[in-house]
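Architecture at a glance
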Amino acid sequence: MKVTDTIVYVGVNDHEVDLFEGQYQVPNGMSYNSYVILDEKTAVMDTVDAAFGQQWLNNVEKALQGRRPDYLVVQHMEPDHSANIPLFLEKYPHVQVVATAQAFKMMNQFFSLPSDIQQMPVTNGGELALGTHKLTFVCAPMVHWPEVMISYESEEKVLFSADAFGKFGALDVEDNWVDEARRYYIGIVGKFGMQVQNVLKKAADLDIRMICPLHGPVLKENLGNYIGLYDTWSSYRPESQGVTIAYASIYGHTKEAALCLAEELRKNGTTVAVYDLARDDMAAAVADAFRYSKLVLASNTYNAGINPFMNDYITRLAEHSYQKRTVGLIENGSWAPMAAKVMRGMLEKCKEITFAENTVTLMSAMKSENEAQVKALAAELR
Ligand code: FEO
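Residues numbered from 1 in each chain as written. Predicted model: local features only at pLDDT ≥ 70, side-chain atom pairs only at ≥ 80, totals over all residues. Heavy atoms only, no water.

An unreviewed UniProt entry lists the chain under the name Flavo-diiron protein FprA1, with Acetatifactor muris given as the organism. Recorded in UniProt for the chain, the comment headed Sequence similarities (unreviewed entry) runs: "In the N-terminal section; belongs to the zinc metallo-hydrolase group 3 family." (UniProt positions renumbered as here; feature names shortened; annotations may be inferred.)

Printed below as a string of structure tokens:
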């Protein structure tokens, strides 16, 4: 598949994966992207997941049209992109491998490569001329691992962006880019907002006409929209006004309060996303907490703490540097309700969290006083 006359897509679609990175649901599969640049010299940009080695090699061979590859550029050592380095070097032992020093270190940790592989270590700002095409490498530590670099090709003004600007979903399935890119970004890179901001600052000086990520489609139009979303996500600003309500409920009473709040908010036109943390996709619930300006956590008290699904959810939010949001609390407990105190305590380490003044406290089941509390909380969150 041609990206341009001289850049060829040689990646693969994965419809067999059950959980990406062992944890993310990917009902539409996943793509592992790789590209071949054809010039006086030829370069292959990254490999693909271990399960697709032969298919990828065939794609590369076809793209090369009888030529030999000169360079293998390794932008990222996570196995979804690096697993086939040994297979590639077995077939093309003469190739020069281009990567950061840290990537070479990881290469030796993951594989037992021949000692005579041709290594070309590069540093930030390093260049590789292929002919009219010239790659400039920009270190992008923690987007998503420390060894990552992205590559700017100045002839066609293409940014090879590694994991950045990627998404869940195979390329042969149509879905909503922003929803699956957000879920991917928040889950995979969300903790590293500052590092993403640093890369965006470096990229601001580049004339970019096209973005070639390691997952998801090549982006050719409205690049300002995608870059703007990355700026929003990585600076932890809400993308939209609205309320995410995440609940964990044993017998349905806490759920009833959560749904009652959703109904109250919707009556006034507030956008609301509701998640049952025991049953819905946790990664989507986390992503929507970052998407919207406000969050309500509703949990039963459990073993003098909170529901284990809520514990998992708040832990994930905190791990992903959740911040700059308003949070409301709904708790339930039949003899000693503790959930609001515990949830608040878990979020206290997060920056710039404003807690709603109104908390809903159920003593077992919804009563008229709880309806009033829900209305008061809704009024505060609108
Ligand atoms: Fe798609 Fe961080 O690997």
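Next comes the rest of the description.
A few words now on the environment of G242. Looking at the element boundaries, G242 is found in strand β16 (residues 240-248). A relative accessible area of 6% places G242 in the buried class. Considered as a pair, G242 and L295 are 53 residues apart in the sequence and their alpha carbons are 8.4 Å apart. For G242, the residues in contact, after removing those within four places along its chain, are T271, Y292, S293 and K294. (Helix = DSSP H or I, 4+ residues; strand = E, 2+ residues; numbered from the N terminus. Buried < 20%, exposed > 50% of the residue type's maximum accessible area, 1.4 Å probe, protein only. Contact = heavy atoms within 4.5 Å.)

Take helix α9 (residues 282-291) next. Counting buried residues along α9, 9 of its 10 residues qualify, which places the element largely inside the surrounding structure. Within the span of α9, buried status applies to M282, A283, A284, A285, V286, A287, D288, A289 and F290. By the N-cap criterion, in which a side-chain oxygen at the helix start approaches the backbone nitrogen of a residue two or three places on, α9 is capped by D281, the distance to A283 being 3.2 Å. (Polar contact = N/O pair within 3.5 Å; in protein donor to acceptor, adjacent residues only side chain to side chain.)

Split by domain assignment, the chain resolves into domain 1 (7-234) and domain 2 (243-381). Taken over C-alpha atoms, the centre of domain 1 sits 38 Å from the centre of domain 2. Between domain 1 and domain 2, the contact holds 10 residues from the first and 12 residues from the second. For the pair domain 1 and domain 2, the summed buried area comes to about 880 Å², and 56% of that belongs to carbon and sulfur atoms. Sorting the residues of domain 1 by area buried against domain 2 places R182, R183 and I186 first, and these three jointly supply 53% of that buried surface. Inspection of the region where domain 1 meets domain 2 yields 2 salt bridges. Taking the shortest distance from any N to any O, the salt bridge between R183 and D281 comes out at 2.9 Å. Joining domain 1 to domain 2, the criterion identifies 4 residue pairs in polar contact (both at pLDDT 80 or more). Elements supplying a minimum of two residues to the side of domain 1 that touches domain 2: β4 (24-25) and α5 (177-188). (Domains from an automatic or database assignment. Buried area = accessible area lost by both parts, 1.4 Å probe. Salt bridge = Lys/Arg side-chain N within 4 Å of Asp/Glu carboxyl O.)

Mapped onto this numbering, the UniProt entry gives "domain: Flavodoxin-like" (unreviewed entry) at residues 243-382. Here residues 243-382 runs as 43% helix and 30% strand, with 9 Å between its end C-alpha atoms.

This next bit is on the sheet that holds strand β15 (residues 210-212). Spatial strand order, β11-β12-β13-β14-β15: 5 strands in an open sheet with mixed pairing. If you trace the sheet from one side to the other, it starts and ends with β11 (127-129) and β15, each paired once. Here the strands of the sheet are splayed against their neighbours by 20° on average, with no regard to which way each runs. Bridge analysis of strand β12 (residues 134-139) against strand β13 (residues 149-153) gives 5 bridges, and the strand direction is antiparallel. Bridge assignment links L135 to a residue of β13, and that residue is E153. (Pairing = 2+ DSSP bridges. Axes fitted to C-alpha atoms, helices over the stretch in contact; angles between N-to-C directions.)

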